[in-house]
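# Structure assessment
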Amino acid sequence: MQSQHTLLMSVVVAGWLLGCQRAEAPPSEERVVSHGHGAFIGESGKVLKADLGLVRRTQKELLERLRGRALERGGIDLEAPRKLIDSQVEDEVLADALYIEWLNDTLRTEEVGQVRALNNALRMHYLEDLREPDMAPQELHDTKGVGAQVARKLEAQGITTFATTNEGKEYIRECAAAGVPIPPPMFSFAWVPRGVIRDEFILENLQAELLHYTSTSPPGLCLALPRYRSDGVNIDLLGIICLGTVSNKACFWDSPKPSTFQRGVVTPIEAFKGGAGLVSGTDMCTDCHAGENPFIVHPERPPFDGLATMGSGWYEPLVHPDWPQNAGPSSLLEAVASEGRCDSCHRGGGIAGRFPSLSMELPGYCVRVLQNAVRPAPLGTMPPNGGNRDLYLKHIGVLEAACNAPSPTGVEVPVSFPDDPTFLSPPIVVDPLYACGTRVSVRGAVLDAKVTLRIDGTDVDTLIARNPSQEVFKVPRLEKGQQVTVRQEKSGALSLESPAIPVRDHTADYPAGLPAPAIDPTLIHECSEVISVRHVPNATVTVTVNGGAPVMGLSSSDWTALRPGKTPLEVDYVMEAQISLCDDKSPVSAPQKVVKAPASLPPPVLAPPRTFAGQELVSLSGLTHGTRTELRVPGAGPAGGFSTPVSWFPHYDFATPLGRPLKQDEVLVVQQTLCEKGTPLQSQPAEPCFMLPAPRIQPPLPGTNFVAVTSAIPGARIRVRDASNKEIGDGSGNVILLSRVLVPRDLLTVVQQVGECTSAKGYRIGVREK
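Residues numbered from 1 in each chain as written. Predicted model: local features only at pLDDT ≥ 70, side-chain atom pairs only at ≥ 80, totals over all residues. Heavy atoms only, no water.

## Some points on the nonpolar core
One broad rule of soluble globular proteins: the nonpolar side chains tend to lie buried together. With 42 residues, the main nonpolar core has Met186, Trp191, Leu238, Ile240, Phe252, Trp253 and Phe272 as its most contacted residues. Those elements that place two or more of their residues in this core are helix H7 (169–177), strand E4 (207–216), strand E5 (219–228), strand E6 (235–244) and strand E7 (249–254). In contact with phenylalanine 272, not counting residues within four places along its chain, are Met186, Leu238, Ile240, Trp253, Asp254, Ser255, Phe261 and Thr267. Counting residues in each nonpolar core, the second largest holds 34 residues, with Leu54, Leu103, Val115 and Ala121 among its members. (Core = buried A, V, L, I, M, F, W, Y, C linked by side-chain atoms within 4.5 Å. Buried < 20%, exposed > 50% of the residue type's maximum accessible area, 1.4 Å probe, protein only. Helix = DSSP H or I, 4+ residues; strand = E, 2+ residues; numbered from the N terminus. Contact = heavy atoms within 4.5 Å.)

This is the structure we're talking about:
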């Protein structure tokens, strides 16, 4: 699901640029779920006609929802604040807005940020576009439309009416300290115009352009999106997002309301609202700006072509705690067999980026970003370049189901039930599989389990598992129609066979012939010794350097890392790739040039940062593309190393080269090298394994037979029990297959085991109604 450039959730402007159709008025009673950059978004993902009827019915829905929750909680006087507001504010819209705000701040549910942003958006739209102004614009904004005299009376009696003000200086200092570039003055020469954005914006009556600023100290970039009125000079909206590409922190700024900015007039960042100062505004940036990094783009469009903006890992927003904090990444798709896989592009370390953890907590992302992206062609953008959308319907369905799932309601609980020594979940065969391939990947195997791959019921290869992310089997040349399964055995427990994956004919999916592969990521540094290529699964991959020194690799999935024929790589070397499958050969990929290595390398990051006695694997992020990463345990010896073309390496097995698992109080030292050695990381001392925390899973979906793990110790064995304490899941990695399909009101408890220890607490979460 990826073009040769970066796709959705990979690079630029979330609510800003999502290839939206022109504004149209859907059914008048459609519910508002989000607001972004001046537009109200309905459940269908379309822009709604923002008349007075929309304002009043949305206020009514908010009031009913909040009053209902207040009555459920009990002990809240709902009438006195209502009477006080009504006694001072004659305008019903403004009175309701103040009462909604009071209810929201009093209850502080998990939706507090979304409700605040939507309520403010409704109020400001009413004041600026639906009602004749009766006071100066600044007073209108600062007093929420009720005027200074009324505002002072209500403030004195506990009803907040003055909007919070924030100069932004503290936020600017916080962003700088976190390794985020600070935007230079807007419209100064540091900003590079990248062109006008046409027919892609939420509001058709505003002109938009993209500006780009690159920072070297700290490494990162900023993108700005001014939107002009019909005169092409005065600016209604101007948002700025800055990402530290090493720190993976992001900061957000927006123009104040009412905006007095003009095209070409140099304006310092201190004139913008940022951080907590945005909370009093009308948009909640991180409701849409979610995923691997804070930007979302249309890579085929001229403003974005060639714009490289990925960080080195999962981004963290520096925003008010009421706002979504970019939970994720999601691993929901790993267990879902699909002819077309969305995660063939949306993966860790690649140029598309992983999906966030989807739920009702991200209405803007779900209805505006995702729904518009997966629409049928020509409106949608996933898959790109006219790809067959039908092949991806299973993955699209799971993503949409996750969006409709309620907020997580899991809790930690003490556990004491024994493990079931007779039960073990099967691993998962990575699909799709194509005829003529000679490699098959499997994920989800338990450490040291005996894993057996079977074709049409016959054993063809066996190995001892050491990586839950991927084990690769050598198989005879695959033939169309064969059925591939896998099973595992550990300590006498034998799993069932996994769901069968059929071998397909690639010409059915690619009737025009094999598409050209893509070197992914495109950023290749000098001194590196490995690159990676994204391609049709099971193909043979050939990489050349400067048109020669060809090296071939056999692939088991759709992404292959391999060592070119001339290493270490030097600046301006040109890398190209080509694939073949059966008698079919693809065009050559777009060439990519090797660039100079960065002057310094940061320390790697352990994810998660805690380690435990008995641990054998670690996951690392924050790696610079192409580095050689080495590990050691002081006092015990070297723990091996690896070269990676991307920024993330899951489930690295350090115990095999070390000769044993980690012991209590030992530390891991991790250092990456690219031309020169970087700053080493020293982990905290390994904790005793009885201190293992409970793992975490995404809200389980009814009708599925798996759980997606969001937090666990690398290599941990994950066990899942239902309400009757029956073990229905036992595996490793990001996805655990279950022995049965989940139904509404199922209650699951999940624990993790490292070495001889199982977490004393489990994570308990229910399966909600569809």
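## Remarks on the sheet that holds strand E11 (residues 428–429)
Pairing in this open sheet of 3 strands is antiparallel, and the strands run E11-E13-E16 from one edge to the other. At either margin of the open sheet sits one strand with a lone partner, and together these are E11 and strand E16 (471–474). By the bridge criterion, 2 bridges tie E11 to strand E13 (residues 439–443) in an arrangement that is antiparallel. Its bridge partner being in E13, valine 429 is matched across the sheet by valine 442. (Pairing = 2+ DSSP bridges.)

## What about the pattern of salt bridges?
Scanning the entire structure with this criterion turns up 33 salt bridges. Two residues, arginine 82 and aspartate 86, come together in a salt bridge whose shortest N-O distance is 3.0 Å. Remark: aspartate 86 and arginine 82 occur in helix H2 (residues 79–88); sequence separation between them is 4 residues, near one turn of the helix. Linking aspartate 459 and arginine 454 is a salt bridge whose minimum nitrogen-to-oxygen distance equals 2.5 Å. Accessibility expressed as a relative area gives 12% for arginine 454, which makes it buried. Through salt bridges with shared partners, one network takes in Asp419, Arg717, Arg719, Arg721, Glu727 and Asp730. (Salt bridge = Lys/Arg side-chain N within 4 Å of Asp/Glu carboxyl O.)

## Remarks on the state of the cysteines
Following the criterion strictly, the structure yields 6 disulfides and no others. Two residues share a disulfide in this structure: cysteine 222 and cysteine 242, whose sulfurs sit 2.1 Å from each other. Where cysteine 222 bonds to cysteine 242 through sulfur, the torsion about that S-S bond is close to 110°, and the disulfide is right-handed. Residue cysteine 222 is located in strand E5, and its partner cysteine 242 is located in strand E6; the two are separated by 20 residues in the primary sequence. Side by side, cysteine 222 and cysteine 242 carry an identical accessibility label, which is buried. At a sulfur-sulfur separation of 1.8 Å, the disulfide partner of cysteine 527 is cysteine 675. Between cysteine 527 and cysteine 675, the S-S dihedral sits near 95°, and the bridge is therefore right-handed. Of this pair, cysteine 527 sits in the loop between strand E21 (524–525) and strand E22 (531–534) while cysteine 675 sits in the loop between strand E34 (669–674) and strand E35 (676–677), and the two are 148 residues apart along the sequence. On the accessibility criterion, cysteine 527 (27% relative accessible area) is partly exposed. According to the relative accessible area criterion, cysteine 675 is partly exposed, its value standing at 36%. Numbered by position along the chain, the disulfide-linked cysteines of the protein chain connect as 1-4, 2-3, 5-6, 7-9, 8-10, 11-12. Here cysteine 285 is not disulfide-linked; the sulfur of cysteine 288 is the nearest cysteine sulfur, at 9.1 Å. (Disulfide = S-S within 2.5 Å.)

## Focus: the environment of serine 359
Assignment of secondary structure puts serine 359 in the loop between strand E9 (316–317) and helix H9 (363–373). Taking C-alpha positions, serine 359 is 9.2 Å from leucine 399, a pair spaced 40 residues apart along the chain.

## A short note on the packing of helix H1 (residues 52–73) against helix H4 (residues 112–130)
As a packed pair, H1 and H4 sit with axes 11 Å apart at the nearest point and diverge in direction by 150°. In terms of their interaxial angle, H1 and H4 are classed as roughly antiparallel. Crossing of H1 over H4 shows left-handed handedness. Contacts between H1 and H4 pair Leu52, Leu54, Val55, Thr58, Gln59, Leu62, Arg65 and Leu66 from the former with Val115, Leu118, Leu122, His125, Tyr126 and Leu130 from the latter. Here the contact of H1 with H4 is composed, by residue class, of 10 nonpolar, 3 polar and 1 charged. (Axes fitted to C-alpha atoms, helices over the stretch in contact; angles between N-to-C directions. Parallel < 35°, antiparallel > 145°, perpendicular 65-115°, else oblique. Left-handed = near helix turned anticlockwise from the far one by under 90°. Nonpolar A, V, L, I, M, F, W, Y, C, P; charged D, E, K, R; others polar.)

## Here we look at the sheet that holds strand E38 (residues 706–711)
Taking strand neighbours across the sheet as the criterion, the 3 strands line up as E37-E38-E41 in an open arrangement whose pairing is antiparallel. Looking along the sheet, the strands with just one partner apiece sit at the ends: strand E37 (696–697) and strand E41 (735–737). Summarising the sheet, E38 and E41 pair through 3 bridges and their orientation is antiparallel. In the sheet register, alanine 708 faces E41, and the bridge partner there is valine 735.

## Here's the deal with empty space enclosed by the protein
Taken as a whole and assessed by the stated rule, the structure comprises 5 cavities of 30 Å³ or more. Of the pockets and cavities examined, the second largest cavity occupies roughly 50 Å³. Elements with a minimum of two residues in the lining of the second largest cavity: E21 and E22. Looking at the lining of the second largest cavity residue by residue, the classes come out as 6 nonpolar, 5 polar and no charged. (1 Å grid on protein atoms, 1.4 Å probe; cavity = no way out; pocket = protein on both sides within 12 Å on 5 of 7 lines; lining within 4 Å. Points joined across faces, edges and corners; volume = space filled by probe spheres on them.)

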